[in-house]
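Each chain is listed here by its residues.
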Amino acid sequence: MRTANRVASLLLATALLLGGAAVAVQALLLTIHRPTPLDTSGWLDALSGTRWDDPTVRVVAGGALLLGLLILVAQLRRWTPVRLPADERDGWYLHRRCVERRLAAAACAVPGVRRARVRVRRRGGQWRPRVRATGDPAARAEVEFAVHQELRHLTAPRPARIDVRLLPRRRPA
């Protein structure tokens, strides 16, 4: 979504820049009593004769308002970080997806666990891994230990807690 935000912002900035430049050139040419490239009489009459309660004006104003609010909400939304700080003293970073894959592999290495999925979120300086796996629910402590060990290998900040959820494997009917 970041790419869509950048493209929308670029299009809006380009439209505003071109519109502002056209208005500035038009005003300058009108000030020095030179012929202007744009015919001002036609659009000036159309704009001055249009009222606010006209349905076309309301639709265009509503669309512009909606587009502006959409861009604002998209920019204010918190994004999942791409990089996670490994050690704040050293300035090293790890890619979040690589960390998630390594933690999932560590969870799958525990006997009785299959198909682990890990999501890592960051809250302040701490990581919050969330492990979802299918397997024996009794292996929860072993999965948590394996994830802790892998985080220690990655020199990650010590998490406050690791959310481990083991679902029993469904048996075919």
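Quick notes on the rules
Residues numbered from 1 in each chain as written. Predicted model: local features only at pLDDT ≥ 70, side-chain atom pairs only at ≥ 80, totals over all residues. Heavy atoms only, no water. Phe/Tyr/Trp six-rings, centres within 6.5 Å; stacked < 30°, edge-to-face > 60°. Lys NZ or Arg CZ within 6 Å of the ring centre and 35° of its normal. Patch = residues over 30% accessible without salt bridge, like charges linked within 9 Å, V, L, I, M, F, W, Y side chains within 5 Å. Areas by Shrake-Rupley, 256 points an atom, 1.4 Å probe, with all protein chains shown as cover. Salt bridge = Lys/Arg side-chain N within 4 Å of Asp/Glu carboxyl O. Helix = DSSP H or I, 4+ residues; strand = E, 2+ residues; numbered from the N terminus. Buried < 20%, exposed > 50% of the residue type's maximum accessible area, 1.4 Å probe, protein only.

Caption draft 1: Structural context of the packing of aromatic side chains. Within this structure, the stated rule accounts for 0 aromatic pairs. Seen from the ring of tyrosine 93, arginine 83 lies directly overhead, with NZ or CZ sitting 4.0 Å from the centre.

Caption draft 2: Here's a closer look at a nonpolar patch on the surface. Side chains of Leu65, Leu69, Leu72 and Leu76 sit close together on the surface and give an oily, nonpolar patch of about 420 Å² of accessible area. Tracing the sequence through the fold places leucine 65 in helix 3 (residues 55–76). Since its relative accessible area comes to 54%, leucine 65 is described here as exposed.

Caption draft 3: Unusual backbone geometry, seen in detail. Backbone geometry at histidine 33 places phi at a positive 55°, although glycine is not the residue there. Looking at the element boundaries, histidine 33 is found in the loop between helix 1 (2–31) and helix 2 (40–49). A positive phi angle, close to 45°, is found at arginine 115, a residue other than glycine. By the secondary structure assignment, arginine 115 is in strand 3 (residues 113–123).

Caption draft 4: Here's a closer look at the pattern of salt bridges. Counted by the stated rule, this structure contains 7 salt bridges. Across the pair glutamate 150 and arginine 102 runs a salt bridge whose closest N-O atoms are separated by 2.5 Å. On the criterion of sequence distance, the pair formed by glutamate 150 in helix 5 (residues 140–153) and arginine 102 in helix 4 (residues 96–108) is long-range, its members being 48 residues apart. A relative accessible area of 13% means that glutamate 150 is categorised as buried. Taking the relative accessible area as the measure of exposure, arginine 102 reaches 42% and is therefore partly exposed. A network of salt bridges, in which partner residues are shared, links Arg96, Glu100 and Arg119.

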